[in-house]
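Below are the chains, spelled out letter by letter.
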Amino acid sequence: MRILLVEDEERLSHFIKKGLVEQGFAVDQAYDGEEGLYLAKEETYDLIVLDVMLPKLSGIELCKQLREIKTETPILVLTARSEIEDRVEGLDSGADDYLTKPFVFAELKSRINALIRRSYRQVSNLLTLSDLEVNPIKHTVTRAGKLIKITPKEFAILELLLRRKHEVVTRTQVIEHVWDYNFESLSNVVDVFMGTLRKKIDKGYKIPLIHTLHGVGYMATDKKPKA
Ligand code: CA
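What counts and what doesn't
Residues numbered from 1 in each chain as written. Predicted model: local features only at pLDDT ≥ 70, side-chain atom pairs only at ≥ 80, totals over all residues. Heavy atoms only, no water. Domains from an automatic or database assignment. Contact = heavy atoms within 4.5 Å. Buried area = accessible area lost by both parts, 1.4 Å probe. Salt bridge = Lys/Arg side-chain N within 4 Å of Asp/Glu carboxyl O. Polar contact = N/O pair within 3.5 Å; in protein donor to acceptor, adjacent residues only side chain to side chain. Helix = DSSP H or I, 4+ residues; strand = E, 2+ residues; numbered from the N terminus. Buried < 20%, exposed > 50% of the residue type's maximum accessible area, 1.4 Å probe, protein only. Axes fitted to C-alpha atoms, helices over the stretch in contact; angles between N-to-C directions. Parallel < 35°, antiparallel > 145°, perpendicular 65-115°, else oblique. Nonpolar A, V, L, I, M, F, W, Y, C, P; charged D, E, K, R; others polar. Donors = N, O, S within 2.8 Å, 3.2 Å for Na, K, Ca; no water. Core = buried A, V, L, I, M, F, W, Y, C linked by side-chain atoms within 4.5 Å.

Along its sequence, the chain is carved into domain 1 (2-119) and domain 2 (127-220). Just the C-alpha atoms count here: the centres of domain 1 and domain 2 sit 26 Å apart. Contacts between domain 1 and domain 2 engage 17 residues on the former and twelve residues on the latter. Sorting the residues of domain 1 by area buried against domain 2 places R2, T44 and N113 first, and these three jointly supply 31% of that buried surface. Where domain 1 meets domain 2, there are zero salt bridges. Our count for the domain 1 to domain 2 interface comes out at six residue pairs in polar contact (both at pLDDT 80 or more). If you list the elements that add at least two residues to the side of domain 1 that touches domain 2, you get helix 1 (10-22), strand 2 (26-30) and helix 5 (105-119).

Here is the structure:
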């Protein structure tokens, strides 16, 4: 899952990014409202984390402008403790949730997970397919009850495929949701990741769950994949 972080306090921004990258998220940073608006319009994000007090364009204004152009990406607003009006204004301007500064990282993480789950219309935190279970909160993967060791990037790809199970996910969509702005998309790195992921998930099991549809994309399904 890919997140746009719009926060002008550099130390806080780095702290948040570091934590999220460790959780397997891809994170792009913007340090003012205009840069944030530009990236939100040009790129694809699963969530936007937005500070209210920003140079050039406030978080509230940015939020309003995105909703005016019908951007549906969930937005989590960060406000200072005393700014009750900010919270109300933030929600009124189209934000989906807010978090008051200072916050502990665990709370930010669980709110982000809840917003993403809602935007993919999922009721449970657990993503399942046949005997495969993926837990985005605990970051665990099991198949037939057996724990599978997986890297953060592999986890991110698997999470995306499972959130859209039985649907084709194109290579471009994998890149957009799993890697950040600096990713060099000409390389075959997605295919390499997909190869190791398939080995880890499917090797030794009768029903393959991770499929490559040549020239089309990828699909997580326990049925015969059809593009
Ligand atoms: Ca600020």
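Next, the rest of the story.
Next up on the list: the side chain of T142. Inspection of the secondary structure assignment puts T142 in strand 8 (residues 140-143). Given a relative accessible area of 17%, T142 falls into the buried group. Apart from the residues lying within four places of it in its own chain, the contact partners of T142 are D131, L132, E133, L147 and I148.

At a minimum axis distance of 10 Å, the contact between helix 7 (residues 171-178) and helix 8 (residues 189-202) shows a crossing angle of 90°. It follows that helix 7 is roughly perpendicular to helix 8 by the angle criterion. From helix 7, R171, V174 and I175 reach across to helix 8, where they touch V190, D191 and M194. Across the contact of helix 7 with helix 8, the residue classes tally to four nonpolar, no polar and two charged.

Okay, the coordination of the calcium ion next. Only D8 (OD), D51 (OD) and M53 (O) from the protein reach the calcium ion as donors, at distances of 2.1 to 2.3 Å. Mapping the donors of the calcium ion onto the primary sequence yields the spacing D-x42-D-x1-M. Of the two residues, D8 is situated in the loop between strand 1 (2-6) and helix 1 and D51 in strand 3 (residues 47-51); the sequence distance between them amounts to 43 residues. Residue class for D51 comes out buried when judged on its relative accessible area of 4%.

Before going further, it helps to examine the nonpolar core. Side chains that are nonpolar tend, in soluble globular proteins, to be buried together. Counting residues in hydrophobic clusters, the biggest one holds 49 residues, and the most contacted among them are I112 and V174. Sorting elements by how many residues they give to this core places helix 6 (residues 152-163) first, with seven residues. Residues lining this core come from more than one domain, with at least three contributed by each of domain 1 (2-119) and domain 2 (127-220). Sequence-distant contacts of V174, that is, excluding residues within four places in its chain, are made with I157, L160, V169, W179, V190, M194 and Y218. Grouped together as the second largest cluster of nonpolar side chains are 19 residues, V6, A30, I48 and I60 included.

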